[in-house]
Structure formats: structure tokens, C-alpha cells
Amino acid sequence: MGMMNNNENINAARNLRSRPKVDRRLSRKRQTAPITGTREREKVKYAFIGLSGTAGATTLAFAFAEYLASLRLAERPMKKKGMATDYAAAVVEINDNNRPSCGFDYDRIGVDKHFAGREYISFYRLLSRGRPIRGLANFDGGVNWILRMPGEEFERFDIVDFIRLIDNAAGDAVICDVNGSFGLTLERDEDRIAELRKMLDDMDRVCVVVDPLPSGMMADCEKIEMFKDYEAAGGDIVYIVNKLNPGVNIREMKSFLRVRDAIEIPYFSPVDVYTAEYNCCTVFTMPDIAKQLAEPFEKIRRLHSFPTSL
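Each chain carries its own residue numbering, running from 1 in the direction its sequence is written. For this predicted model, a pLDDT threshold of at least 70 governs which residues receive local features, and a threshold of 80 or more governs which side-chain atom pairs are given and counted, while totals over whole chains, interfaces and linings are taken from all residues. The side-chain numbers reported here are obtained from all heavy atoms of the structure, hydrogens and water having been left aside.

J.: Pulling in residues and values, what's your account of the side chain of Thr285?
T.: One can find Thr285 in the loop between α11 (270-278) and α12 (287-302). In terms of polar contacts, Thr285 uses its side chain to reach the backbone carbonyl oxygen of Thr282, at 2.7 Å. The numbering of helices and of strands both runs from the N terminus, where a helix is a DSSP run of H or I of at least 4 residues and a strand a run of E of at least 2. Between N or O atoms, a polar contact is any pair within 3.5 Å; within protein, one atom must be a potential hydrogen donor and the other a potential acceptor, and residues adjacent in sequence are included only when both atoms are from side chains.

Okay, structure coming up:
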């Protein structure tokens, strides 16, 4: 923590305070505790990436992280006050755009509310300065949140920088939320696809989140071909059909995606989705949504041979 430059912290905090904000209140569903110690263990790296920008990959990535945290809390409750606990998961925002049109993960859950009165470490700033990031964490609710702070502007990071960010994230499962605008700053579309492919090659499992609206599925044909090529090369891909509703022609959808099996998640009530964000929470804190997500998330966690403790 002491590695952070005080002037940089002050300037970053001043920039955040000057941003226009929605007046929200933080609604916590469970107690959190600081990490007092960690231990090395093998990580499982997941990428959540939308086939289109409106697929809901970020919503599901955040919810999946909190699902894993809830399992850890149930399996390993703290027996003594102050006892060291584990990072169940880390969420790493993969964002190469200083001003993404879809917004920042930081604002999705109101990180400024969660870390009021304590330091939030800007991993992106440390990365841009070439400073050590190993052993640092932003712990809240069983999750290590490595999200980009709005208002900070950097030169475009290389893939090796993002890989370093992922590999040094403290957590048994590292959930990489690939921003919907990732790679759009590159001039050539083939370069964007190549960058995405390099990112996926470092993952244990790729969760492709699909909005079954036909225009959404057809919006980025290059991306779906990249997924198919990755899959044909032996890559571990799980297709998650989000926002499923009676209007979806499932046969046509599966034919277009060229998949037989896909994990299906129903279209949530907008009331719950908006309520969660206005309360600075993930949708997993909404009881009805948590029940609907438990089975799909368990499939994602248990597919193939990953340890059940993750």
C-alpha cells in the first residue's frame, strides 16, 4: 500500500470527486473482513466476453464472482475474529479504452461507496508506472476487485501488461471481464481479433455471453469466427445464452451459433437489475436472481475437471 505516490492518490481522488455522480446508497448483504494473510494456490482463469456489447458479460462476471465468494463463505466460515480468510475470486477489468462508451466496471457497483474511508488501489496506474503489483488487493465481500478507475488516461497497454495484471491477481479464481470496446482503438479489425485471441489463449475457460437478439448475434461476425477457431484448436469455451425469453427461436439461435449445448439464463426483470446498480450491488445480491443463477453458475464451475473448491 505504501508504494502508492501520495500526490497521485490525492489527484486521483480529486478527479473522482469532481465527476458528476448519481446519488446512490450502498446496500450490503453480508459482512466483509480484511485479508490478513494469503497463500499461494493454483488459479483458474475465466474470461467473460460478450458476443456483442449488450450481451451482459459484465453483469454475469460480477455475479459469478460473488457466487464463488458465497460458496467460500459457506465452506470456510471464519472461526475467530481477525482470522485470515481466502480470496475466493478476483475480478479483473480488461479495458484498453480511456473512455469506453459502455462505461467503467468501477461505476457498476459504486466502488467509491464500497471503499469509502479506505484506499482503493489503482492497479492500472501501477501497471503504467512499471511498479510491483504482486501481493496487493482491493478486498470487499470475498472478492478482489481490480477495476480501472474512471478519469485515468493511459497509453494503450500491451497484451503482456494485461497478462501480468491477471497473473498477479490474488484469488483462487480470476474472472476477467473483457470490456465490450476492447481493441476498438486499433485501426485494423484483424488486429483487434488477434489481440482478443492472445488474451483467450491465456485462459482456462472462456465464457462467451450471447444476447440472442439476431442483430446482436450478427453484430460482430469476426469475433464469432475467432471463437470457433479457438474452440477448434482445443480451447475451453462455454456459451452462455443470456436474456433468454419466449420470443427467442432457440433452434435458429443454436444454428447460427453452431452450438448444441449452451447454458441458458433467463431475461431478468429490469427492476432487479436497476435496483442492484442503484444500490451499488451486483445482481447476485437480489434473492430471485441468485436462485436463477445458482444452477447455471454451478455448471460453469463444474464443467470438465476443475477442482470443486473453486
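J.: Pulling in residues and values, what's your account of the packing of aromatic side chains?
T.: Each aromatic pair joins two rings of Phe, Tyr and Trp (for Trp, the six-membered one) with centres within 6.5 Å, and gets the label stacked for planes under 30 degrees apart, edge-to-face for over 60, and tilted for any other angle. One pass over the full model with this rule turns up 14 aromatic pairs. Each ring, one from Tyr124 and one from Phe162, has its centre 6.4 Å from the other, and the planes form 70°; the classification is edge-to-face. Note that Tyr124 is positioned in helix α5 (residues 123-129) and Phe162 in helix α6 (residues 159-167), a separation of 38 residues in sequence. Seen from their ring centres, Phe162 and Phe182 are 5.7 Å apart, and the 75° between their planes marks the pair as edge-to-face. Taken as a pair, Phe162 in helix α6 and Phe182 in the loop between β5 (173-178) and α7 (189-201) lie far apart in primary sequence, 20 residues in all. Burial here depends on accessible area, computed with a 1.4 Å probe over protein chains only, as a share of the maximum for the residue type. Under 20% is buried, over 50% is exposed, and the range in between is partly exposed. For Phe162, a relative accessible area of 0% corresponds to the buried category. By relative accessible area, Phe182 is classed as buried at 3%. Arg156 extends its terminal NZ or CZ atom over the ring of Phe182, reaching a point 5.7 Å from the ring centre. Here, a charge over a ring is recorded when the distance from Lys NZ or Arg CZ to the ring centre is within 6 Å and its angle to the ring normal is within 35 degrees.

J.: Break down the packing of helix α2 (residues 57-75) against α12 for me, with residues and values.
T.: For every element, the axis is a line fit to its C-alpha atoms; helices are fit only across the contacting stretch, and the angle between N-to-C directions ranges from 0 to 180 degrees. Relative to each other, α2 and α12 sit at 85°, their axes nearing to 11 Å. The angle between α2 and α12 falls in the class roughly perpendicular. Of the residues in α12, those in contact with Leu60, Ala63, Phe64, Tyr67, Leu68 and Leu71 of α2 are Leu293, Ala294, Phe297, Glu298, Ile300 and Arg301. Each residue gets one label: Ala, Val, Leu, Ile, Met, Phe, Trp, Tyr, Cys and Pro are nonpolar, Asp, Glu, Lys and Arg are charged, and the others, such as Gly, are polar. Split by residue class, the contact of α2 with α12 holds 10 nonpolar, no polar and two charged. Here roughly perpendicular refers to angles of 65 to 115 degrees, roughly parallel to angles under 35, roughly antiparallel to angles over 145, and oblique to all remaining angles. Residue contacts are counted whenever heavy atoms from the two residues lie within 4.5 Å of one another.

J.: Describe the pairing of strand β2 (residues 89-94), naming the residues involved and giving the relevant values.
T.: Counting buried positions along β2 yields six of six residues, so the element is predominantly enclosed. Strands are labelled as partners when DSSP assigns at least two bridges between them. By the bridge criterion, six bridges tie β2 to β5 in an arrangement that is parallel. The residue of β5 that forms the bridge with Ala90 is Val174.

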